[in-house]
Amino acid sequence: MTTVDAEVVSGLEREIEVETLSMPSTHPPRSYAAHKTGSGVTYCGSAERVLTSSIGRKLKGKVQLIFTSPPFPLNRKKKYGNLQGEAYVKWLSAFAPLFRDLLKEDGSIVMELGNAWQPGEPVMSTLALKALLAFLEEGKFHLCQQFVCYNPARLPSPAQWVNVERIRVKDAYTHVWWMAPSERPQADNRRVLKEYSPAMLKLLSSKKYNSGRRPSEHKIGSKSFFQNNNGAIPSNVLTFANTNSNDQYSNYCRRNNLRLHPARMAIGLPEFFIRFLTTPKNLVVDPFAGSNTTGAAAERLKRRWIAIEPNNEYIAGSVGRFPGQEVYSNDT
Ligand SMILES: C[S@@+](CC[C@H](N)C(=O)[O-])C[C@H]1O[C@@H](n2cnc3c(N)ncnc32)[C@H](O)[C@@H]1O
């Protein structure tokens, strides 16, 4: 079993008094380590509080990957202007310099942001895009690549426009933005190869295909496809059906009468990026961890992890993702 870097762990249980960033919150007044395994720790507290505390300071320059899906504000219509939207953009982008400080020189940030709609109108909100642009600018990050995470099992939504009036189609993907301080962060697509398709396997064994120039202007050499590279290079469209209501986590929550996290992601998503952008023992941080899907993926892949979540019930449920691991919970 791997252990969390002693330097990072020391003083983790200490009570933290720090100033918070701009977004007002109803989060616990003190942060504390609420769950721990041999490879990681979940802090109960807000990300702004934890990351500006001694914990954040100890993590500076040590994190290989920040993988997260930040909270998104309910876009309720306001009587006077869209202050809520602007406040959100300000709140999220204020994390950019904090995240940048945590990262190693060749580290990455991967952020999942869903689509949002204007309340009461069949029109999309641009808030997530504005927040992303502000975040990039504040952190002076490069946008390494945009991914789309497609969920084929997603129920039709927004229902009014899709099912009732039939004037829009099903919204079935989220945006996943990969950013980094460097143009060449650590990455290796050989760690995320997909199984070859039956057609490609046939081609590899028959060694027969048409070489030459394609209509797309690509020139296919006469031996280009002879080498078996143990799998195909994936595209930036990732598909994960988030349908598992009978998994270990859900069963644990039901058994213990804990609320299931309403916005948890498919574990395949963090697994893909952890493999692609880190190596074993690297440190992965999820500052808006929810049910700690990221920590569970990191644990499985033998990376170290730190998760931050202010809702204690979500943390209690997340423990179900780590069967047989040492657990403790205290706020003293
Ligand atoms: C979209 S959810 C993350 C879901 C997670 N990826 C999962 O698979 O369960 C965002 C989480 O951010 C938490 N959150 C809200 N404000 C926060 C803050 N200021 N600091 C840290 N976490 C926060 C919410 O409680 C929520 O659980």
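Refer to the structure printed above.
For the structure given in this document, a descriptive report is provided here. (Residues numbered from 1 in each chain as written. Predicted model: local features only at pLDDT ≥ 70, side-chain atom pairs only at ≥ 80, totals over all residues.)

Considering the pairing of strand 11 (residues 304–309)
- The buried fraction of strand 11 amounts to 6 of the 6 residues, a majority that puts the element mostly inside the structure.
- Burial along strand 11 is two-sided: the face carrying Arg304, Ile306 and Ile308 and the face carrying Trp305, Ala307 and Glu309 are both buried.
- Sheet topology places strand 10 (residues 283–286) next to strand 11; 4 bridges connect them, and they run parallel. When the bridges of strand 11 are listed, Val284 appears paired with Trp305. (Buried ≥ 20, exposed ≤ 12 C-beta atoms within 10 Å, placed from the backbone. Helix = DSSP H or I, 4+ residues; strand = E, 2+ residues; numbered from the N terminus. Pairing = 2+ DSSP bridges.)

Let's talk about the nonpolar core
- Core analysis: the largest hydrophobic core is formed by 64 residues, its most contacted members being Tyr43, Leu65 and Ile66.
- The residues contacting Ile66, other than those within four sequence positions of it, are Phe99, Leu102, Leu103, Ile109, Val285 and Pro287. (Core = buried A, V, L, I, M, F, W, Y, C linked by C-beta atoms within 7 Å. Contact = placed C-beta atoms within 7 Å.)

Some remarks on the site of the ligand
- Near the ligand you find 20 residues, and of these Arg264, Phe288, Gly290, Ser291 and Thr293 are the closest.
- Secondary structure elements with two or more residues in the shell around the ligand: helix 2 (47–51) and strand 11.
- When its residues are assigned to classes, the shell around the ligand shows 9 nonpolar, 8 polar and 3 charged. (Near = placed C-beta within 6 Å. Nonpolar A, V, L, I, M, F, W, Y, C, P; charged D, E, K, R; others polar.)

Considering the pairing of strand 1 (residues 32–36)
- A large share of strand 1 lies buried, amounting to 5 of its 5 residues.
- When strand 1 meets strand 2 (residues 40–44), the two strands line up antiparallel, connected through 4 bridges. Within strand 2, the residue paired with Ala33 across the bridge is Tyr43.
- Following strand 1, the chain reverses through 3 residues before pairing antiparallel with strand 2.

A look at the sheet that holds strand 11
- Taken in spatial order, the 9 strands of this open sheet run 1-2-11-10-3-4-6-5-9, and their pairing is mixed. The open sheet terminates on both sides in strands that have one partner only, identified here as strand 1 and strand 9 (237–239). Going from strand to strand, the sheet's axes swing by 20° on average, the running direction of each strand aside.
- The strands that helix 5 (residues 95–102) touches are strand 3 (63–68), strand 4 (103–113) and strand 10; relative to strand 4, the one it contacts most, it runs at about 140°.
- Sitting on the sheet, helix 10 (residues 268–277) touches strand 3, strand 4, strand 5 (142–150), strand 9 and strand 10, and the angle it makes with strand 3 is about 160°. (Axes fitted to C-alpha atoms, helices over the stretch in contact; angles between N-to-C directions.)

This is a description of form; function is not addressed.
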